[in-house]
Amino acid sequence: GSEIFEDIQSWKYDVIVMYNMSQKITEKQKANLLALLERGVGLVVLHHAIANYPDWPEYWKIIGTRYFLEDVTENGVKHPKSEYEHGVDYKVHVEDPVHPITKGVVDFGINDETYKGYTIDPGNHIILTTDHPKCQKEIGWTRTYGKSRVCYLQMGHGDSIFADANYQRLVMQAVKWTAEK
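Below is a short write-up of the structure.

By size, the foremost hydrophobic cluster in this structure holds 52 residues, and its most contacted members are Ile 16, Met 18, Leu 43, Tyr 59, Leu 128, Leu 153 and Met 155. Look past the residues within four positions of Tyr 59 in its chain and what remains in contact with it is Met 18, Val 45, Ala 49, Ile 50, Asn 52 and Tyr 53.

Laid out in structure tokens, this is it:
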């Protein structure tokens, strides 16, 4: 969870990989995470970490999306609760085959949980898509925040996806790419 950001004085890592679904983050933890991103520490956000910190708008800016855990109306705009579905077979399309994260990966099929109904920041560089109706089209992207490289990959629910060589390669290459300054 967010406890990792409680004390960053001796932080020695180049990349943060989030696979949590934490709802709470203190003001100190927020400030420390932002400080790490200003230092250029990379950030890889996997699967349900899209729904972290639903009450912290800056997190949505960091990761380039907002997943709605409930129906929300803001500035007169209604956003219905985002959707998910377990055990969906779908095809992943490599939208940007020359990006370092997708290098060597070609379109592939998987069985995984899908998400739908989240926002997409226009500044995101889309690297992975799908055309499955139970899933949002944009399922992988990169962006920058502060001095940090950020990558989000929607896939990541369970044993079958963790064993998938394409997924393993995407995560490995995302860690390497976000670590670069």
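Following the criterion strictly, the structure yields ten aromatic pairs and no others. Taking 6.4 Å as the distance between ring centres and 25° as the angle between the ring planes, the aromatic pair formed by Phe 5 and Trp 11 counts as stacked. A relative accessible area of 15% means that Trp 11 is categorised as buried. Judged by centre distance (6.1 Å) and plane angle (50°), the ring pair of Tyr 118 and Trp 141 falls under tilted. Highlighted residues: Tyr 118 in the loop between strand E6 (108-116) and strand E7 (125-129) and Trp 141 in strand E8 (residues 138-145), separated in sequence by 23 residues. Each of the two residues, Tyr 118 as well as Trp 141, counts as buried. Among the aromatic residues, those joined into a ring-pair cluster are Phe 5, Trp 11 and Tyr 13.

About the cut-offs
- Residues numbered from 1 in each chain as written.
- Predicted model: local features only at pLDDT ≥ 70, side-chain atom pairs only at ≥ 80, totals over all residues.
- Heavy atoms only, no water.
- Core = buried A, V, L, I, M, F, W, Y, C linked by side-chain atoms within 4.5 Å.
- Buried < 20%, exposed > 50% of the residue type's maximum accessible area, 1.4 Å probe, protein only.
- Contact = heavy atoms within 4.5 Å.
- Phe/Tyr/Trp six-rings, centres within 6.5 Å; stacked < 30°, edge-to-face > 60°.
- Helix = DSSP H or I, 4+ residues; strand = E, 2+ residues; numbered from the N terminus.

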